[in-house]
Amino acid sequence: MEEKAARVKLGEIERKNLRRRLLRERRKFEKQLEQTDERSIEVLKANPVATSSHIADCIDNGEEEVMEKRRGTLQKCIDKCNQALRRIAEGTYGICCECGDPIPIGRLEAVPQTTLCVPCKNEKNSSIR
Ligand SMILES: [Zn+2]
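Residues numbered from 1 in each chain as written. Predicted model: local features only at pLDDT ≥ 70, side-chain atom pairs only at ≥ 80, totals over all residues.

Brief notes about helix 4 (residues 63–90)
Its 28 residues place the ends of helix 4 40 Å apart at the C-alpha level, agreeing with the 40 Å of an ideal helix rising 1.5 Å per residue. Within helix 4 the residues assigned to the buried category are L74, C81 and A84. Buried positions along helix 4 lie against helix 2 (12–46). In the stretch just after helix 4, G91 is the one whose phi turns positive, near 85°. (Helix = DSSP H or I, 4+ residues; strand = E, 2+ residues; numbered from the N terminus. Expected span 1.5 Å × (residues − 1). Buried ≥ 20, exposed ≤ 12 C-beta atoms within 10 Å, placed from the backbone. Contact = placed C-beta atoms within 7 Å.)

Below is the structure:
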């Protein structure tokens, strides 16, 4: 029984490593988000009379829309990192949200912010489209 628990639960070192990676990932996403915001500010500075409704007109080819999308994606990534960090703190990290099975360590190392095992992830993807 103890052996099974050891297999399900992450080792202290693995957990620490993954936590550090998540913090680094989150920082990276936050930086990208800042840069995306800075681009908007730049446009505003270049066009001091522009109001937020005018920004779209000042940026070429729907760039604002692209940035908005990007911001949304980055915010989601940050949320996922936060969620994973919370799960580490709670001790539920590495357990699939959907089926409750342990997520293989290889997958956690590849995508530390994941909350789904591979079969559940695939199922989710196929249900979206
Ligand atoms: Zn699952």
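A closer look at the environment of L33
Position of L33 among the secondary structure elements: in helix 2. Once the C-alpha coordinates of L33 and R71 are considered, the two residues, 38 residues apart in sequence, prove to be 6.1 Å apart. The contact partners of L33, leaving out residues within four places of it in the chain, are R71, L74 and Q75.

Points about helix 2
End to end, helix 2 covers 51 Å across 35 residues, agreeing with the expected 51 Å (1.5 Å per residue, within 8%). Looking at helix 2, one finds that the buried residues are L18, L22 and F29. Where helix 2 is buried, its residues touch helix 4 and helix 5 (105–110).

What about the environment of L10?
Among the secondary structure elements, L10 is positioned in the loop between helix 1 (2–8) and helix 2. Note on L10: 22 C-beta atoms within 10 Å, which makes it buried. A C-alpha to C-alpha distance of 10.0 Å links L10 and I95, two positions 85 residues apart in sequence.

A short note on the confidence of the model for the protein
Averaged over every residue, the pLDDT of the protein is 83; the share at 70 or more is 79%. Low pLDDT, under 50, characterises residues 1–7; the predicted model gives this stretch 0 contacts beyond four residues in sequence or across chains. (pLDDT = per-residue confidence, 0-100.)

Regarding the packing of helix 2 against helix 4
Here helix 2 crosses helix 4 at 160°, and the two axes come no closer than 9 Å. Between helix 2 and helix 4, the angle falls in the class roughly antiparallel. Crossing of helix 2 over helix 4 shows left-handed handedness. Residues R15, R19, L22, E25, R26, F29, E30, Q32, L33, T36, R39 and S40 of helix 2 touch helix 4, and the partners they reach there are M67, R70, R71, L74, Q75, C77, I78, C81, N82, A84, L85 and I88. Of the residues assigned to the contact of helix 2 with helix 4, the class counts are 11 nonpolar, 5 polar and 8 charged. (Axes fitted to C-alpha atoms, helices over the stretch in contact; angles between N-to-C directions. Parallel < 35°, antiparallel > 145°, perpendicular 65-115°, else oblique. Left-handed = near helix turned anticlockwise from the far one by under 90°. Nonpolar A, V, L, I, M, F, W, Y, C, P; charged D, E, K, R; others polar.)

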